[in-house]
Amino acid sequence: MRLTTFIICLLAPLMIFGQTERKKGPIEIINPPVSQDRFIFELHNDMFLEIPGNMDIRPWSPGLNAHIMYDYPLGKSVISFAWGYGFSSFNLHSNGEFERDGLSPDEFVRFYPFSENYEYKKNKVSANFLEIPIEFRLRTRGDRPFKMSVGGKVGYLVNIHTKTRDNDGKRKFYQVPEINSWRYGVVGRIGIGRWSLFSFYSISTLLLPDKGVELNPLTIGLSIALI
């Protein structure tokens, strides 16, 4: 009886220690996905996918985007779905302007370069859109995650104007003939941390289909997630 009591007293600390060790053993903790990239600012260079032979576009035609996004992680995966709203400004510096072709029955809109004798300092067309972007995102965990996203956006034109500055001063015109009020296209983005490279290709044309020369806007630039 005393031997049994002695053995129990001897083994009790070991049993308690063993239970304590099991409780203190490594516990796998999976951090839940965190909603990120909620306010995105982008600076880009604007161009067309295909340029008419008589059009000369300045190599640097800067534009900008600003979007507020709502990010929804899909379960505990590194994939999320996001949508939002924002503003986009497409600016193109060129050597001419869009005008109706009075010789054609339907007054088709074409691009006409300025005369070689005309001296100007600046000439651009600026189109501003309210937009709704949607995208699927892949974002690894960590302080500086690798991230990639694909999606699209649709926008409605709220303002367009041309601006020309020459030796006589500066002039603005708030109308471009047969402009397309709707814009939609695909977006891709890849980067690390807050910074990403992105590109947008507009499936819709700048001018209305069958009403003007076919021009599909293309933008390439730098994206920063401020929040």
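As a reminder, the structure under discussion sits directly above these lines.
Residues numbered from 1 in each chain as written. Predicted model: local features only at pLDDT ≥ 70, side-chain atom pairs only at ≥ 80, totals over all residues. Heavy atoms only, no water.

## Some details on the side chain of Arg-137
To keep things clear, this is the line we draw: Elements are defined by DSSP. Helices are runs of H or I of four residues or more, strands are runs of E of two residues or more, and each kind is numbered from the N terminus. For each residue, the accessible area found with a 1.4 Å probe, counting protein chains only, is set against the maximum for its type, and the residue is called buried under 20%, exposed over 50%, and partly exposed in between. Counted as a polar contact is a pair of N or O atoms within 3.5 Å, where, for protein atoms, one must be capable of donating a hydrogen and the other of accepting one, and residues adjacent in sequence contribute only when both atoms are in side chains. The criterion used for residue contact is that any of the two residues' heavy atoms lie within 4.5 Å.
Mapped onto the fold, Arg-137 is located in strand β6 (residues 120-139). In this structure Arg-137 comes out as buried when scored by relative accessible area, which is 4%. At 2.6 Å, the side chain of Arg-137 forms a polar contact with the side chain of Glu-135. If near-sequence neighbours (up to four positions away) are discounted, Arg-137 is found in contact with Gln-36, Asp-37, Ile-40, Met-69, Asp-71, Val-78, Ile-79, Ser-80, Ala-82, Met-148 and Ser-149.

## Quick look at the pattern of salt bridges
Keep this limit in mind: Within this document, salt bridges are pairs made up of a side-chain nitrogen of Lys or Arg and a carboxyl oxygen of Asp or Glu, the two lying within 4 Å of each other.
Inspection of every chain in the model, using the stated rule, returns 12 salt bridges. Here Asp-71 ties to Arg-137 by a salt bridge, and the two come within 2.8 Å at their closest N and O atoms. Remark: Arg-137 occurs in strand β6 and Asp-71 occurs in strand β2 (residues 62-73); sequence separation between them is 66 residues. The pair formed by Asp-71 and Arg-137 is uniform in burial state, with each residue classed as buried.

## A word on the pairing of strand β1 (residues 39-48)
We apply this condition: Two strands qualify as a pair provided that DSSP identifies no fewer than 2 bridges between them.
Relative to β2, β1 is paired through 7 bridges, and the arrangement is antiparallel. Directly across from Leu-43, in β2, lies its bridge partner Leu-64. Of the pairings in the sheet, the one linking β1 to strand β11 (residues 217-225) comprises 9 bridges and is antiparallel in character. Its bridge partner lying in β11, Asp-46 is registered against Thr-219.

## Structural notes on the nonpolar core
This is how it is decided: In plain words, nonpolar cores are sets of buried Ala, Val, Leu, Ile, Met, Phe, Trp, Tyr and Cys residues tied together by side-chain atoms within 4.5 Å.
With 18 residues, the main nonpolar core has Phe-48, Met-55, Phe-98, Ile-160, Val-176 and Ile-179 as its most contacted residues. Elements represented by at least two residues in this core include exactly β3 (79-93), β5 (109-113), β6 and β7 (146-166). In this structure Ile-179 touches Leu-157, Ile-160, Leu-206, Leu-207 and Leu-208, once residues within four positions along its chain are discounted.

## Re the environment of Asn-167
Inspection of the secondary structure puts Asn-167 in the loop between β7 and β8 (169-173). Among the residues examined, Asn-167 registers a relative accessible area of 58% and is labelled exposed. The sequence separation of Asn-167 and Tyr-120 amounts to 47 residues, and the corresponding C-alpha distance is 6.9 Å.

## Re unusual backbone geometry
Residue Asp-37 is not a glycine yet carries a positive backbone phi of 55°. Within the secondary structure, Asp-37 sits in the loop between α1 (2-23) and β1. Exposure remark for Asp-37: the relative accessible area of 8% places this residue in the buried category. You will see that Asp-210, though not glycine, has its phi angle at about 65°, which is positive. One can find Asp-210 in the loop between β10 (195-202) and β11.

## Let's talk about the pairing of β11
The side chains of a regular strand alternate, residue by residue, between the two faces of the sheet. In terms of residue burial, β11 counts as a mostly covered element, since 7 of its 9 residues are buried. By the bridge criterion, 7 bridges tie β10 to β11 in an arrangement that is antiparallel. Paired with Ser-196 across the bridge in β11 is Ser-223.

## Here we look at the packing of aromatic side chains
To keep it simple, the criterion reads: Aromatic rings from Phe, Tyr and Trp, with only the six-membered ring used for Trp, were paired whenever their centres fell within 6.5 Å, and each pair was classed as stacked if the ring planes differed by under 30 degrees, edge-to-face if by over 60, and tilted otherwise. Our definition puts a charge over a ring when NZ of Lys or CZ of Arg is within 6 Å of the ring centre and also within 35 degrees of the ring normal.
Following the criterion strictly, the structure yields 9 aromatic pairs and no others. Considering the side-chain rings of Tyr-70 and Tyr-85, the 6.3 Å spacing of their centres and the 40° angle between planes classify their relative orientation as tilted. One end of the pair, Tyr-70, is in strand β2; the other, Tyr-85, is in strand β3, with 15 residues separating them in the sequence. Exposure remark for Tyr-70: the relative accessible area of 35% places this residue in the partly exposed category. Aromatic ring contacts, followed pair by pair, group Tyr-70, Trp-83 and Tyr-85 into a single cluster. The aromatic ring of Phe-129 is capped on one face by Arg-183, whose charged end is 4.3 Å from the ring centroid.

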